[in-house]
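# Analysis of the macromolecular model
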Amino acid sequence: MYAHSVATEMAKEAIKFATRNELKIVTAESCTAGMICTTLTEVAGASAVLDRGFVTYSNEAKTEMLGVDAGLIEAKGAVSEEVARAMADGALARSNADIAIAVTGIAGPDGGSAEKPVGLVHFALSCKGKEQRHERRIFSAMDRGAVRAAAVERALVMIIETVTNRGFVSID
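This text gives an overview of the structure that appears in the document.

What counts and what doesn't
Residues numbered from 1 in each chain as written. Predicted model: local features only at pLDDT ≥ 70, side-chain atom pairs only at ≥ 80, totals over all residues. Heavy atoms only, no water. Helix = DSSP H or I, 4+ residues; strand = E, 2+ residues; numbered from the N terminus. Rg over C-alpha atoms; globule rule 2.2 N^0.38 Å. Buried < 20%, exposed > 50% of the residue type's maximum accessible area, 1.4 Å probe, protein only. Contact = heavy atoms within 4.5 Å. Areas by Shrake-Rupley, 256 points an atom, 1.4 Å probe, with all protein chains shown as cover. Lys, Arg positive; Asp, Glu negative; His and termini not counted. Charge placed at Lys NZ, Arg CZ, Asp CG, Glu CD. Pairing = 2+ DSSP bridges.

## Considerations on the overall build of the protein
The helix and strand tally for the protein stands at 6 helices and 5 strands. Starting at the N terminus and walking to the C terminus, you meet the elements of the protein as α-β-α-β-α-α-α-β-β-β-α. Scaling as 2.2 N^0.38, a compact globule of 172 residues should have a C-alpha radius of gyration of about 16 Å, and the protein matches this with 15 Å. By its C-alpha atoms, the protein is 45 × 30 × 25 Å across when sized along the principal axes. Within the protein, buried positions represent 52% of all 172 residues. Residue pairs at least 24 apart in sequence account for 64% of intrachain contacts in the protein once pairs closer than 6 positions are excluded. When the accessible surface of the protein is split by element, carbon and sulfur atoms take 49% of a total near 7800 Å². Positive and negative side-chain charges in the protein, numbering 19 and 22 respectively, have mean positions lying 3 Å apart.

## Considerations on the environment of glutamate 9
With respect to the element layout, glutamate 9 can be found in helix 1 (residues 6–20). Residue glutamate 9 is classed as partly exposed on the basis of its relative accessible area of 41%. Measuring from C-alpha to C-alpha, the distance between glutamate 9 and glutamate 42 comes to 9.8 Å, with 33 residues separating the pair along the chain.

## A few points about the pairing of strand 2 (residues 50–55)
Both strand 1 (residues 25–29) and strand 2 contribute to a ladder of 5 bridges, which runs parallel. Bridge assignment links valine 26 to a residue of strand 2, and that residue is arginine 52.

See the structure below:
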């Protein structure tokens, strides 16, 4: 599916650094519906670092599988910084991983609003012993597939940045 893509090359880098440092990764995905996990598994050796992936497309799944408070989803919306952060923390707590990446967004073509346009994606990355990181991106002028692909690439970049710049590894 993603063979020889930019995302696959990014996944190779993430896996290389995570393997070198014996770090495990978990994904918590809504709008990407498992595409980050799939991209990681396109790379031989992914089993050394990929602990598991949670596909939590529905609000109920976010609550049941990741422990995201239903009241938080109701108050802030599933596509929000707060929910992305709760997803990452929930995935980390419910896995054997050291790094959790969470993604929630509006891939379109419908479902957007002035406040939350199509293409809006929230990313959260939680690491054991590190400060949580959040990013809000709007991938505009893209179709559904392109928004999802861009979200996968950004999530992989966040993983790479974390394992290479936050004290986990040297990049030599």
